[in-house]
Amino acid sequence: MLVVINGTSFATNAATLLELVEERGHEPSSIATALNGKFVTAVQRHKEILRQGDAIEIVTARQGG
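Residues numbered from 1 in each chain as written. Predicted model: local features only at pLDDT ≥ 70, side-chain atom pairs only at ≥ 80, totals over all residues. Heavy atoms only, no water.

Caption draft 1: Summary view of the packing of aromatic side chains. Under the criterion given, the structure shown has zero aromatic pairs. The ring of F10 carries the charged tip of R24 above its face, separated from the ring centre by 4.0 Å. (Phe/Tyr/Trp six-rings, centres within 6.5 Å; stacked < 30°, edge-to-face > 60°. Lys NZ or Arg CZ within 6 Å of the ring centre and 35° of its normal.)

Right, dumping it as structure tokens:
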């Protein structure tokens, strides 16, 4: 299925948001996620079922000054 991650379309076989995060190579505890504009906590990602065309935001922390 196709989903949109941070504004770019990607094909995925992931069924849940957690599977997508892992498929994309992110450490689940070090990112923030949103699905269709709604914040999703790390402990809820396994419950969020993905659908064709979903918009996902994956945000990583940055260090600097």
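After that view, the rundown keeps rolling.
Caption draft 2: Inspection of unusual backbone geometry at higher detail. The backbone of N6 shows a phi angle near 50°, a positive value even though the residue is not glycine. With respect to the secondary-structure elements, N6 resides in the loop between β1 (2-5) and β2 (8-11). Residue classification places N6 among the partly exposed residues on the basis of a relative accessible area of 40%. With a phi close to 55°, N36 is a non-glycine residue in the positive phi region. As for its placement among the helices and strands, N36 is situated in the loop between β3 (31-35) and β4 (38-40). The exposure class of N36 is partly exposed, given its relative accessible area of 48%. (Helix = DSSP H or I, 4+ residues; strand = E, 2+ residues; numbered from the N terminus. Buried < 20%, exposed > 50% of the residue type's maximum accessible area, 1.4 Å probe, protein only.)

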